[in-house]
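Here's the letter readout for the chains.
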Amino acid sequence: MTTLTPLAVEQKSAEVTDWAARLGWVAGLLLFVAFVYWLMRQGWKWRGSLQSGLPELPTAPDAPGEAKLSMSGRYHGSTTAGQWLDRIVAHGLGTRSRAEVTLTDAGLNVVRPGASDFFVPAGQLRGARLDKGIAGKVLAEGGLLIVTWQHGDRLIDSGFRSDRAAEHADWTEALNSMTTTHTTTEGAAR
């Protein structure tokens, strides 16, 4: 027994965690994350105030006509045409959401649950293409339907992704044929 006593005396217990310091670091980290979130929110508001000159979005007419095409999918946002990182946030155009999109002879109707709906009159459509990205979303090449339209004095690109991506080609063809028809009609009227 005498040989075990010196061993028991020499053992030290483990260091006790300094809970005050640990809680201080966690609180500091949480405050930092909250501050960064607040800065991001302020930046979003600032961008919206810079774009406040954008006119109100049109609403769909009472009788838009028969649907040529319709799709269910996602609306990924809008940017200044040709500048895929210059997001437009005014009037809710920067809010990503589910979308039900319908193309009629009157134009493009975008219904977004939980976000502002909008309508693009046929005369304001400028074209469509398949692309790989728009501000905040990058997909495989051709995975995003980009619709270019005129709103006030600004050209806007809006990005959509159908639940069935194979139908993007039909949308591109239909939208581009509508813009060609309206451009020809407007030119003949002048």
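Use the structure listed above.
Residues numbered from 1 in each chain as written. Predicted model: local features only at pLDDT ≥ 70, side-chain atom pairs only at ≥ 80, totals over all residues. Heavy atoms only, no water.

**Student:** Residues and numbers for the pattern of salt bridges, please.
**Tutor:** Applying the stated criterion across every chain yields a total of five salt bridges. The shortest N-O distance in the salt bridge between Asp105 and Lys68 comes to 2.9 Å. Of this pair, Asp105 sits in the loop between β3 (97-103) and β4 (107-111) while Lys68 is found in the loop between α2 (19-50) and β1 (69-80), placing the two residues 37 residues apart along the sequence. What makes Asp105 exposed here is its relative accessible area of 55%. Linking Arg98 and Asp163 is a salt bridge whose minimum nitrogen-to-oxygen distance equals 2.9 Å. Taken together, the residues span a long stretch of sequence, with Arg98 in strand β3 and Asp163 in the loop between β10 (154-162) and α3 (168-189) at a distance of 65 residues. By relative accessible area, Arg98 is classed as partly exposed at 36%. For Asp163, a relative accessible area of 46% translates into the label partly exposed. (Salt bridge = Lys/Arg side-chain N within 4 Å of Asp/Glu carboxyl O. Helix = DSSP H or I, 4+ residues; strand = E, 2+ residues; numbered from the N terminus. Buried < 20%, exposed > 50% of the residue type's maximum accessible area, 1.4 Å probe, protein only.)

**Student:** Please give an account of empty space enclosed by the protein that cites residues and values.
**Tutor:** Over the atoms, a rolled probe matching the size of one water molecule traces out where space is still vacant. Per the stated rule, a full pass over the model turns up one cavity of 30 Å³ or more. What the largest cavity holds in volume is close to 40 Å³. Thr79, Gly82, Gln83, Trp84, Arg129, Asp131, Gly133, Ile134, Ile146 and Asp157 are the residues that line the largest cavity. Going through the elements one at a time, β6 (125-131) and β7 (133-134) are the ones with two or more residues in the lining of the largest cavity. For the lining of the largest cavity, the class distribution of residues is three nonpolar, four polar and three charged. (1 Å grid on protein atoms, 1.4 Å probe; cavity = no way out; pocket = protein on both sides within 12 Å on 5 of 7 lines; lining within 4 Å. Points joined across faces, edges and corners; volume = space filled by probe spheres on them. Nonpolar A, V, L, I, M, F, W, Y, C, P; charged D, E, K, R; others polar.)

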